[in-house]
Amino acid sequence: MAQAVQELFPEAKLGIGPPAPAAAARGGAGSFHTLWNELAPIGRHADSGGYRRYAWTGADADCRAWFRAQAESRGLTYEVDRNGNQWAWLGDPLAGDAVVTGSHLDSVPDGGAFDGPLGVVSSFAALDELRSRGAAFSRPLAITNFGDEEGARFGLACVGSRLAAGQLTKEKAYELRDGDGVSLPEAMERSGYDPETIGADPERLARIGAFVELHVEQGRALDLSGDRVGIASAIWPHGRWRFDFHGEANHAGTTRLVDRRDPMLTYAATVLAARQEAALAGAVATFGKISVEPNGVNAIPSLVRGWLDSRAADQATLDTVVTAVEKAAREHADRDGIDLAVVRESFTPVVEFEHALRDELNRILGGSVPVLGTGAGHDAGILSAAVPTAMLFVRNPTGVSHSPREFAAEDDCVAGVLALADVLEGLACR
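Residues numbered from 1 in each chain as written. Predicted model: local features only at pLDDT ≥ 70, side-chain atom pairs only at ≥ 80, totals over all residues. Heavy atoms only, no water.

1. Section: the environment of glycine 166
Turning to step 1, where the next piece is worked out: As for its position among the elements, glycine 166 is in the loop between helix H6 (159-165) and helix H7 (170-175).
Turning to step 2, where the next piece is worked out: Sequence-wise, glycine 166 and isoleucine 382 are 216 residues apart; in three dimensions their C-alpha atoms are separated by 9.8 Å. (Helix = DSSP H or I, 4+ residues; strand = E, 2+ residues; numbered from the N terminus.)

2. A look at the nonpolar core
Buried together is how nonpolar side chains tend to be arranged in soluble globular proteins.
Turning to step 1, where the next piece is worked out: Of all hydrophobic cores here, the largest spans 54 residues; its most connected members are Trp66, Phe67, Leu118, Phe124, Leu361 and Leu392.
Turning to step 2, where the next piece is worked out: When residues no more than four places from it in sequence are discounted, the contact partners of phenylalanine 124 are Ser31, Leu35, Trp66, Phe67, Gln70, Ala71, Arg74, Leu76, Ala88 and Ile143.
Turning to step 3, where the next piece is worked out: Counting 21 residues, the second-largest nonpolar core is a separate cluster that includes Tyr267, Phe287, Leu308 and Val325. (Core = buried A, V, L, I, M, F, W, Y, C linked by side-chain atoms within 4.5 Å. Buried < 20%, exposed > 50% of the residue type's maximum accessible area, 1.4 Å probe, protein only. Contact = heavy atoms within 4.5 Å.)

3. Here's the deal with helix H11 (residues 263-281)
Turning to step 1, where the next piece is worked out: Its 19 residues place the ends of H11 27 Å apart at the C-alpha level, agreeing with the 27 Å of an ideal helix rising 1.5 Å per residue.
Turning to step 2, where the next piece is worked out: For H11, every residue scored as buried is listed here: Pro263, Thr266, Tyr267, Ala269, Thr270, Ala273, Ala274 and Ala278.
Turning to step 3, where the next piece is worked out: Residues of H11 that are buried in the fold lie against strand S7 (238-246), strand S9 (284-293), strand S11 (303-311) and helix H12 (315-336).
Turning to step 4, where the next piece is worked out: Where H11 begins, the capping side chain belongs to aspartate 262, and its oxygen is found 2.9 Å from the backbone nitrogen of methionine 264.
Turning to step 5, where the next piece is worked out: Positive backbone phi, at 75°, marks glycine 282, one or two positions downstream of H11. (Expected span 1.5 Å × (residues − 1). Polar contact = N/O pair within 3.5 Å; in protein donor to acceptor, adjacent residues only side chain to side chain.)

4. As for the side chain of serine 183
Turning to step 1, where the next piece is worked out: Within the secondary structure, serine 183 sits in the loop between H7 and helix H8 (184-190).
Turning to step 2, where the next piece is worked out: Accessibility expressed as a relative area gives 4% for serine 183, which makes it buried.
Turning to step 3, where the next piece is worked out: Contact partners of serine 183, with chain neighbours within four places excluded, come to Phe154, Tyr174, Leu176 and Arg177.

Below, the structure is given as structure tokens:
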């Protein structure tokens with residue numbers, strides 16, 4: 001375990017720390033190191049060095065067991081809600097006006113160590129820091145791990161928080177399937193959870209007075225400004241679109257080029273068009289996932305299915321980009337004799353975090369913390385329609401994310417823990 005953490009924090013001298021209560025006595029910094037040591041090896045792939053913590057798999061179960069152990073070792077009330085999200089409560093869960101913090105523990109394929117887990121680890125470490133300060137809580141406090149935030153297995157991001165907020169219906173959730181054809185309810189049931197209970201959870205959300213999510217920055221704004229911690233202003237509107245290019249399977253060696261209906265050509269032209277349109281609009285557009293049938297080296301494909309992820313600072317720009325990409329795709333499809341179907345699989349409008357809560361965080365942290373937008377989606381963004389939400393970012397010196405190279409220095413991580421502790425103290429101990 002220590003070796004795994006040494007690779008993430010090359011200059012750290014980290015061992016397997018004492019149990020959580022003893023770590024808590026040392027405050028947030030010592031607690032953070034201990035927690036990170038314990039979590040770091042779970043779901044890490046030996047060859048890539050990245051993480052494969054997919055929803056409702058063995059690695060996910062190990063992460064969930066780790067979360068429960070941290071909750072119970074701190075004397076917190078542990079529960080799992082109707083959608084499989086985990087909660088650890090200090091104080092009465094039913095009292096209302098609770099301050100909640102946390103993030104997620106799942107990952108993208110071969111993702112980095114920090115995206116999601118940094119927020120959960122920092123939440124427990126921040127609680128330990130507050131206990132070491134002797135903080136007296138006047139409001140209930142909860143730490144949460146939202147399930148299936150990345151959408152790596154079933155293709156839809158933020159499933160746990162979307163279900164809770166009523167943005168994903170039970171019927172639509174039941175239609176979600178992974179690459180092997182396993183449905184979401186089947187996966188939940190195999191992991192010991194009852195899928196019959198999933199759905200909107202307004203009673204639980206009504207008990208939350210504020211939700212603050214700490215996350216590694218997925219960009220370089222803080223690195224460029226020289227700040228360790230920032231506050232989120234907004235999340236760009238973003239979505240995922242599936243492009244199905246239907247052609248005609250044939251022999252790669254005997255079919256003349258002029259006789260081919262090759263959907264791969266149309267797909268390739270669409271990828272280039274997406275890059276061009278995004279650059280013109282000042283947005284981003286990415287084809288990062290592809291499925292090919294019959295997927296043979298010596299066969300012309302009958303179907304190429306590609307997924308477009310596009311994001312922009314405002315709705316009008318995003319609409320312009322996606323419309324232009326689809327227009328280009330249809331023009332190339334007509335030229336190549338390809339049938340095209342485009343399906344919007346998910347969409348999240350722009351999220352402006354509540355200004356009053358955002359300003360309160362800035363006041364608590366001294367009034368000079370940089371405020372920045374982000375193109376990455378988060379559970380906090382999903383919950384913002386129902387709950388006052390805010391986000392803290394921790395500096396990422398390279399800006400790399402969704403990659404094994406994702407990194408945050410240990411001093412910056414500890415700064416994030418202390419900032420989160422200050423925020424929680426300001427909100428829950430007043």
